[in-house]
Amino acid sequence: MSGETVPVEDAEAMDSSAADADIDAEAGAAYDYYNEFGRIKGFSVRRSKVGRRTKQGAESEIIWQIFMCSREGERDGKHMQRKDRKKDPRPITRCGCEARIKVHADDASGRWFVEQFCDNHNHPMLDARFRGLSRSHRAVKEGDLHQINSSGGFETVGFEIKDIYNAIEKQRRAGATDAESALKFLGTLRTTDSGIFWRYSLDVDKRLENLFWYDRTSRYDYSVFGDVLGFDATYGRNKYKCPLVIFSGVEHHMRTVVFGCAILSNESKASYVWLLRSFLEAMKGKQPKSVTTDGDLAMKSAVSIVFPDAHHRLCSWHLLRNATVRVGRPGFLRKFHLCLMGDLEVDEFETIWTDNVADHELEDHLWIVEMYAKKHSWSNAHIRGKFFAGLKMTSRCEALNMQLEKFIHNGYNLREFVEHFQHYLEFMRRRELVADYKFAYGEPVVKTKLEAIEQFAATVYTREVFKLFREVLMLASNVRVVSTKRTSACVLFEVAMYCKQRSWAVSWAEEDDEFSCSCQWMESFGLPCVHMVGVLVYLNMTTIPKGLILDRWAKRTKQPRAPCDKTRVGEIPDAAYMSMHAAMLDDCRELVSLSCWFFEDYVDVKTRLAKERQSLRDKHRQRLGVPEEASRVSVRDPMRARYKGCGRRVVTS
């Protein structure tokens, strides 16, 4: 398709979905027609120029109108050069797209026809999973309004609040135990998620001791972002007060991602070893490169047994809190924070630590001696070069626990907890989808003078990671190359910051286009350090070498969406499922609205729906291989757990 506008006579050459010249009654229908075409293809639309009659008595009547791709035009330059801006400008979404459609009304028949059509887009189309997020496709439809407004009142409800609580409690006590109900619920999830996995253990009395589970998306997320793992235990999220352990990491938007969840009967070493081995089995034996936990001894022992090759890091926040409790001297705490978080060399750390301990006469303090022995688990100077993706503390795990309060109450039983935890995961993944849409629709505004490399970074990194790289890029102008030395293997650059004496060594293997720096920021975080970027600018490079682009921070890291190891023939991908689900939901809302006007229609439609529903259920079980009734396993409910330290968590380091 060329960029030329196409007269209606040549409509046969256009896409068959857009070539239908007969559009219903009015311009609004024409807009809906083109908007639906854009939704299917992957772009948003907006209204543009409009023509009206000029003869007296019909001045406001529309006779032609143009609808365009929402990315038509360019942003006015005056908005790009404002000096009084307090916030970063919004991403640029206008890119001069020429796609459009022009419709006009026939004077004789009053019908609308397509006069011109251009389908020449100069930007990528949006994925199907973003269709409900673009502006022209977000709308509260008539069926939605009917559902919102038809809630009725108290007089239309046939029960009281007390009856609801009684019914829920009766449902809890009916039939199987709570533990069996939770396991059965996980089994029912397999009908919609064939990749779900769970593992549990029983004690000598056949009581549920430990339970671990994850779904297909969590496993896929671990395959992409599982190089860094953090987990922590919290109490009080279920009526048994059993410890809850959430495995989490950092995804490409710098947000927390959940890899799995577990409920334990206690926090013993044996429980954590069982849990980590179950986790490792579920993840097909893939071990993380680094693990961050608090100083719990049982956790530490289990990590060393199950993940022997992973570097174990102690949570910085817990260390600072414990230093405050164990020592509590402001002067010591300031130097301890520098040893913990500062950008120091090993010899600098040793000097500061020795002087700090001597100044406060803490040479014989037991906690100080233990911390120095564990320095390779918490000191930045000793951890440098180990990849942690910025995960220095378990605060992400604790933030997850705080968010869980919105979805899970302390009195929930196991079955309710598992169900609502899955709802929480859906909430988190919806936020990730919105973040994906924001970086897919538009590009950030260039802020530095190094436009070429900044624009390249904007096309590679996600929005949050790009902001971090841009901060590094803005500091690159302060980097000066002190000397260069060419060897047989590489070129060595000695670089220093402006007016600073300290220098770093950057090596460049010209043949392989690989860089390394003595600061080891790239190895620790996965982004080029300011010294590397300064050398890139010195070499007049306009792109970032592939060796400096870590896949986990890239835009297309999770493309395509989560695959399944056991994909079945005819199974619908996630994006297509979402689109079909939305279309079917709209039809069902209208069907409900129409069938409820007359009783005979209601009875007829409900009868046919019941038959069709049962037929589809049977087909679904056959296709997924789900038995009619899983064999019942006799599992008793877990014992109520006792808190460590009478309800207060004790961290030993």
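Coordinates for the structure precede this section.
Now for a look at the structure at hand. The structure displayed is predicted, hence computed values, not measured ones.

What about the state of the cysteines?
Here, disulfide denotes a covalent bond that connects the sulfur atoms of two cysteines. Throughout the structure, instances matching the rule amount to zero disulfides. Looking at the unpaired Cys69, the closest cysteine sulfur is the one in Cys97, lying at 3.7 Å. A residue is classified by how much of its surface remains accessible, and Cys69, at 0% relative accessible area, is buried.

Brief notes about the sheet that holds strand 17 (residues 514–517)
Two pairing modes exist for strands in a sheet, parallel and antiparallel, and in both the strands are linked by backbone hydrogen bonds. Read from one edge of the open sheet, four strands run 14-15-16-17, paired in antiparallel fashion. Each edge of the sheet is formed by a strand with only one pairing partner; in this case those strands are strand 14 (479–486) and strand 17. The average undirected angle you get between the axes of adjacent strands in this sheet is 25 degrees.

What to know about a positive patch on the surface
Together, Arg255, Lys406, Arg431, Lys438 and Lys467 give the surface a local cluster of positive charge. Relative to the helices and strands, Arg431 resides in helix 14 (residues 414–440). Classification of Arg431 as partly exposed rests on a relative accessible area of 31%.

Quick word on the side chain of Asn356
Residue position: Asn356 is located in helix 10 (residues 346–359). Not counting residues up to four positions away in its chain, the partners in contact with Asn356 are Gly331, Phe332, Lys335 and Phe336.

Comments concerning the nonpolar core
Tyr461, Val506, Phe515, Met532 and Ile544 are the most contacted members of the largest nonpolar core, which totals 40 residues. Contributions of two or more residues to this core are made by helix 15 (451–460), helix 16 (463–475), strand 15 (491–497), strand 16 (503–509), strand 17, helix 17 (521–525) and helix 18 (530–538). Apart from residues lying up to four places away in sequence, Val506 is in contact with Val491, Leu492, Phe493, Val495, Phe515, Ser516, Cys517, His531, Met532 and Val535. Core analysis: the second largest hydrophobic core is formed by 32 residues, Val257, Leu264, Phe279 and Met283 among them.

A short note on the environment of Lys606
Following the sequence through the fold, Lys606 ends up in helix 20 (residues 599–624). Remark: the alpha-carbon pair of Lys606 and Val592, spanning 14 residues in sequence, is separated by 9.5 Å.

Concerning the packing of aromatic side chains
Taken as a whole and judged by the stated rule, the model has 37 aromatic pairs. Consider the rings of Phe37 and Phe43, whose centres lie 6.0 Å apart with planes at 80 degrees: the pair is edge-to-face. With centroids separated by 4.4 Å and ring planes inclined at 25 degrees, the aromatic side chains of Phe247 and Phe279 adopt a geometry described as stacked. Remark: Phe279 occurs in helix 6 (residues 269–282) and Phe247 occurs in strand 10 (residues 244–250); sequence separation between them is 32 residues. For the pair shown, Phe247 and Phe279 are each scored as buried. When the ring centre of Tyr31 is taken as origin, the NZ or CZ atom of Arg47, which lies over that ring, is 3.8 Å away.

So, the pattern of salt bridges
Across all of its chains, the model carries 20 salt bridges by this definition. Its salt-bridge partner being Asp221, residue Lys558 comes within 2.5 Å of it at the nearest N-O pair. With a gap of 337 residues between them, Lys558 in the loop between helix 18 and helix 19 (574–595) and Asp221 in helix 5 (residues 216–225) connect regions that are remote in the sequence. With respect to class, Lys558 is no different from Asp221; both count as buried. Between Arg502 and Glu345 there is a salt bridge, with its nearest N and O atoms 2.8 Å apart. Of the two residues, Arg502 sits in the loop between strand 15 and strand 16 while Glu345 sits in the loop between helix 9 (330–341) and helix 10, which places them 157 residues apart along the sequence. For Arg502, a relative accessible area of 30% corresponds to the partly exposed category. Each member of the salt-bridge network shares a partner with another, and the members are Asp343, Glu345, Arg384 and Arg502.

Rules of the game
Residues numbered from 1 in each chain as written. Predicted model: local features only at pLDDT ≥ 70, side-chain atom pairs only at ≥ 80, totals over all residues. Heavy atoms only, no water. Disulfide = S-S within 2.5 Å. Buried < 20%, exposed > 50% of the residue type's maximum accessible area, 1.4 Å probe, protein only. Pairing = 2+ DSSP bridges. Helix = DSSP H or I, 4+ residues; strand = E, 2+ residues; numbered from the N terminus. Axes fitted to C-alpha atoms, helices over the stretch in contact; angles between N-to-C directions. Patch = residues over 30% accessible without salt bridge, like charges linked within 9 Å, V, L, I, M, F, W, Y side chains within 5 Å. Areas by Shrake-Rupley, 256 points an atom, 1.4 Å probe, with all protein chains shown as cover. Salt bridge = Lys/Arg side-chain N within 4 Å of Asp/Glu carboxyl O. Lys, Arg positive; Asp, Glu negative; His and termini not counted. Charge placed at Lys NZ, Arg CZ, Asp CG, Glu CD. Contact = heavy atoms within 4.5 Å. Core = buried A, V, L, I, M, F, W, Y, C linked by side-chain atoms within 4.5 Å. Phe/Tyr/Trp six-rings, centres within 6.5 Å; stacked < 30°, edge-to-face > 60°. Lys NZ or Arg CZ within 6 Å of the ring centre and 35° of its normal.

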